[in-house]
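Structural features, examined
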Amino acid sequence: HTLNEEILEVINNLPENHLDALKIATCLGFTFDLNIYEALKKEGFHRSLEEVMASHGIFHKVERDVYRWKNVATFEAVESIIISNERREIHERIAGSLQHLSDESKGIVFYARHHAMAKQWEKAFDLYMMAGKKAEEEIDFTGAVSLYTEAKPCLSRTRVKPSLKRKLSPHAALGSCYRELVRYDEAEEELEFCLDKTMDIPEDERDLAFREIEIDVITTLAKLKQAQSKYGEAMELYERALPTARGTKELQSNIVWLAHHVANCAEIYRKSGDLQKAAALHTEALGYRECAAKENLCSSLELSLSFTQLGTTEAGLGNHSEAYNLHKKALSIRMEQLDFYHSLVSESLNYCADALQALGRGKEGISLGMHAVRIRKHIFGPLHPAYAHALSVLASCYHCIGRSYDALSLMKECLDICEKFFLENHANLIPNLMLYGSVLRAVGDEKARSVYERALAIHNMNFKGDKNAKQLQKLKDALEDLSGRAPQAPASLDMPIPCIRPESGMVHAIVCADFGRRASDEYMLSVAASLQQMGTLKLIAVVAVTPPQVLRADAARGALDSLLLPDIPVAYSRSSSVALGSSNAKTFKSDYGNSSPHVNNTGVELIIRAMMAAPDKSLVIMCTACLGDVSEVIETRRDLFANKVKEVILMGFPAKSVRRRSSIEPEASGMDADDELRRKVFQSCQDLGIATVILCKEIALGFPFPSTFVDDLAETNHMVSLQTQHREEMHSNGIWELTKQLQQEARGYRGSLKNVDLKAFYKYTLSNKSPPAGQHNIWPLVKSINLELVLGLLCCIPMYRDYFKWEVHSRGGAEHKISRHMSASAGVIKTDNLSSEIHMLIGVSLRTALNNTSC
């Protein structure tokens, strides 16, 4: 016997209900989810399936109600015994079980195919169209094309003659999808078919429904011409359609429909450069939608579309304040109505960032631009023009604040995408080329002229006469400026030191820290951003220490940029010293930590630059993990250090017990080179009369900052908060899984595990509450995360020191405070109050960075 014959022999001997279940399962597919077919479960199919699986093992249960055939041979054998009429009856049965579905569920393509196999063509057509629309909403235009293509033959097989609108709908939908995919020839073919079929209707049969269809077809074709940069043809089509839409009284009553067409016409005028006409039309469309909203005929999301379209037009007219206000209105509506990772949210973030940089507020625009780039890359992928547009806006924000080398790399990526996606000499290339030319000029690259000349050539190909005259004038001015002036000095890679004004009462701090050693380290920068907004603290520089220093510096740079602190210079340590354990320590990476050309100084160079720019006794330096850079500065520029530094905060460097009149000395770390650096810094501060604040890092143990606080901060949707939540949750669950593994091997094990003290983990992280052995996710039970850097930063500010218990010593005319406490409960006063304060400070910075639009 062949394998197929052997399988059939087994199948044919099955009870009737089991064979019936196998046939249904074959029609459901090789893998199927019974949750989708709820009615079949109730009819006994689920029970029969379980019985077959128990007796013959034909299926593999992937997860709760998801089944998969164990091998293709069995699937094909059952399929071969189903005759045509029987197959149709099974699909009718399956289709009948789907009648209860909601409209949202009907977008699932399986349902359409079951109706098609059951030859229920009308229903299959409707479901294919719903599935296609759902795919479009999910930006899956390729998938939508496949579904609309499957929908077309369904109508030709129906017994009832379809209406003109119904007949043309898949063709119009295909035309729109092909346009989005830049398959312009195919789009034109579908839309011209729609126009020809519309014009075939005799004059005496052209009723109101016909007029509406005619306008829809003409305007859809006009949008295609706009996408092809054929603005003249697009305007001709709209000038043909819009008077009919406005002039037909019955159509005027559908003001939402009318607003849609008026706004689309306005977009063609905007793209062609007639901004005054575009502004008038967008204002008209907004008026229609506001009237419709009052009568509950229009959603707030449709209003947000008008705000966005009018905002981009106002920006083109140079009314950037008005543009920003309109885009912010749109962003607020979309953030309230949609998921943060929705394409419309990214659009509003992008336009708000663009308006801010145009107002000279690029510092505020960078955070919004970073989030827009992140969302668009997630939704559209790294090769889509929507992602390229977000890159260009972010580049313009960096260029605005003088970080032109960061802008340069972004613009290269942007143009690379656009050159591949758009047709040669497409008008959409012009704004990107203009920005690229400006950036090239700023960095001293002579290619700026050729870039401007190319942009001018493309403009002349796409715009005739006085069309888009403003863009033309900008290009001419740029080229004339290049001809009339001597080449300007290239922008410096060295970022300027922020202004230091001791009279302001702010603490001016340099932070040297091992960013990424702890999962929540970026919270320290969030607190710094919030305190800076409040006028309490001003970050002057950040130095990343301990290997891998460059990765740590990149992470700090990205986090600062996202927190409205893009003007804080960042450097990396080149010290050969490695703090105890750090060479083997885990480093938490961040997906916003991209390399920046402006991170070009060593830690020593940056600290010296900051000190040279500072008034006497104006700087506070906070150090953690490695003192190599500070030690080198003291050694090479001792007098400068003595004059400029008023205080040094040493986090994680425990001091020995202090005897009367003896020097304050660090505890030995077990690494000779590191111990020598510690002794040098401790002793130098005492000799030079510089105050110190010394904290044992264990003071952060058990500090109350529960997972609920982290989850609440993640609700802001800021990338730092989401990254921190993910890291902390994965870290806690990872330790717990390893703990369970060890406990199975050696019952009751509570020792150490890969640099993790399990006893401390239970005591401080979980507050002595041991989770059930079978629990996998312990994140909701976490009561404390490591806020070591946050507590160190707060000790830079005198008013926050009242929360800590100190022993105080006077040496060299300066006060030296030491906290030796080995847990937060012992060393911190009113821990809950300080925890709430930190939670508030982090939340303020995250929400402010996103324009105060998050919950």
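Data block above holds the structure.
Let me sum up the structure you'll find in this document. Keep in mind the model is a prediction, meaning the values are calculated, not measured.

What follows concerns the overall build of the chain. Across its full length, the chain holds 37 helices and 14 strands. For the chain, the spread of C-alpha atoms along the three principal axes comes to 105 × 85 × 55 Å. For the chain, the proportion of its 855 residues judged to be buried stands at 55%. Here the contacts in the chain between residues at least 6 apart in sequence split such that 71% fall between residues at least 24 apart. If the 100 positive side-chain charges of the chain are averaged to one point and the 109 negative ones to another, these points end up 5 Å apart.

Attention now moves to helix α34 (residues 758–765). For α34, the buried fraction is high: six of the eight residues fall into the buried class. Directly after α34, the chain includes Ser767, whose backbone phi takes a positive value near 55 degrees.

Taking 1.5 Å per residue, 17 residues should reach 24 Å; helix α17 (residues 300–316) reaches 25 Å between its end C-alpha atoms and fits that length. Listed as buried for α17 are Leu303, Ser304, Ser306, Phe307, Thr308, Gln309, Leu310, Gly311, Thr312, Thr313 and Glu314. At its buried positions, α17 is contacted by α15 (255–272), α16 (275–294), α18 (320–337) and α19 (343–358). Remark: Gly318 follows α17 within two positions and exhibits a positive phi of approximately 90 degrees.

For the rest of this paragraph, the subject is the pattern of salt bridges. On inspection of all chains with the given rule, the structure shows 33 salt bridges. Between Arg334 and Glu347 there is a salt bridge, with the nearest N and O atoms lying 2.8 Å from each other. Of this pair, Arg334 sits in helix α18 while Glu347 sits in helix α19, and the two are 13 residues apart along the sequence. Taking relative accessible area as the criterion, Arg334 reaches 0% and is therefore assigned buried. Salt-bridge contacts for Lys680 lead to Glu635; the nearest nitrogen and oxygen are separated by 3.0 Å. Of this pair, Lys680 sits in helix α31 (residues 672–687) while Glu635 sits in helix α29 (residues 628–636), and the two are 45 residues apart along the sequence.

What follows is about the sheet that holds strand β2 (residues 59–63). The three strands are arranged β1-β3-β2 in an open sheet whose pairing can be described as antiparallel. This sheet does not close on itself; its edge strands, each paired only once, are β1 (31–33) and β2. With direction set aside, neighbouring strand axes in the sheet form an average angle of 25 degrees. In the sheet, β1 pairs with strand β3 (residues 66–69) via three bridges, with the strands oriented antiparallel. Opposite Asp33, over in β3, you have Val66 as the bridge partner.

Think of two packed helices as two axes; the pair is described by the angle between the axes and how far apart they sit. Relative to each other, helix α2 (residues 16–28) and helix α4 (residues 45–56) sit at 100 degrees, their axes nearing to 9 Å. Taken as axis vectors, α2 and α4 run roughly perpendicular relative to one another. On the side of α2, the interface is formed by Asn17, His18, Ala21, Leu22, Ile24, Ala25 and Leu28, while α4 contributes Phe45, Ser48, Leu49, Glu51 and Val52. Tallied by class, the residues present in the contact of α2 with α4 amount to eight nonpolar, three polar and one charged.

Tracing the chain through its elements places Arg113 in helix α7 (residues 109–117). For Arg113, a relative accessible area of 35% corresponds to the partly exposed category. Remark: the alpha-carbon pair of Arg113 and Phe125, spanning 12 residues in sequence, is separated by 9.5 Å.

For the rest of this paragraph, the subject is the side chain of Gln228. Along the chain, Gln228 falls in the loop between α12 (208–227) and α13 (231–247). Note on Gln228: relative accessible area 11%, which makes it buried.

So, on to unusual backbone geometry. The residue after Pro547, namely Pro548, is reached through a cis peptide bond having omega -5 degrees. With respect to the secondary-structure elements, Pro548 resides in the loop between β5 (537–544) and α27 (549–562). With a phi close to 65 degrees, Ser229 is a non-glycine residue in the positive phi region. For Ser229, the location among the structural elements is in the loop between α12 and α13. Although it is not a glycine, Ser767 sits at a positive phi angle of roughly 55 degrees. Structurally, Ser767 is set in the loop between α34 and α35 (788–794).

Counting buried residues along strand β8 (residues 619–624), six of its six residues qualify, which places the element largely inside the surrounding structure. Every second residue of β8 is oriented toward a common face, with Leu619, Ile621 and Cys623 on one face and Val620, Met622 and Thr624 on the other, all of them buried. When strand β4 (residues 507–513) meets β8, the two strands line up parallel, connected through five bridges. Among the inter-strand pairings, His508 is bridged to a residue of β8, identified as Leu619. Across six bridges, β8 lies against strand β9 (residues 645–651) in parallel orientation. Bridge assignment links Ile621 to a residue of β9, and that residue is Val648.

This paragraph deals with the pairing of β4. By the criterion of burial, β4 is predominantly enclosed, with seven of the seven residues buried. Neither face of β4 is left uncovered, since the one carrying Val507, Ala509, Val511 and Ala513 and the one carrying His508, Ile510 and Cys512 both have all their residues buried. Relative to β5, β4 runs parallel, the two being bridged by seven bridges. In the strand pairing of β5, Cys512 is matched with Val543. What joins β4 to β5 is helix α26 (residues 522–533), and the crossover it makes is right-handed.

So, how was this worked out
Residues numbered from 1 in each chain as written. Predicted model: local features only at pLDDT ≥ 70, side-chain atom pairs only at ≥ 80, totals over all residues. Heavy atoms only, no water. Helix = DSSP H or I, 4+ residues; strand = E, 2+ residues; numbered from the N terminus. Buried < 20%, exposed > 50% of the residue type's maximum accessible area, 1.4 Å probe, protein only. Contact = heavy atoms within 4.5 Å. Lys, Arg positive; Asp, Glu negative; His and termini not counted. Charge placed at Lys NZ, Arg CZ, Asp CG, Glu CD. Expected span 1.5 Å × (residues − 1). Salt bridge = Lys/Arg side-chain N within 4 Å of Asp/Glu carboxyl O. Pairing = 2+ DSSP bridges. Axes fitted to C-alpha atoms, helices over the stretch in contact; angles between N-to-C directions. Parallel < 35°, antiparallel > 145°, perpendicular 65-115°, else oblique. Nonpolar A, V, L, I, M, F, W, Y, C, P; charged D, E, K, R; others polar. Right-handed = clockwise from strand over helix to strand, strands pointing away.

Keep in mind these numbers describe shape, not what the thing actually does.
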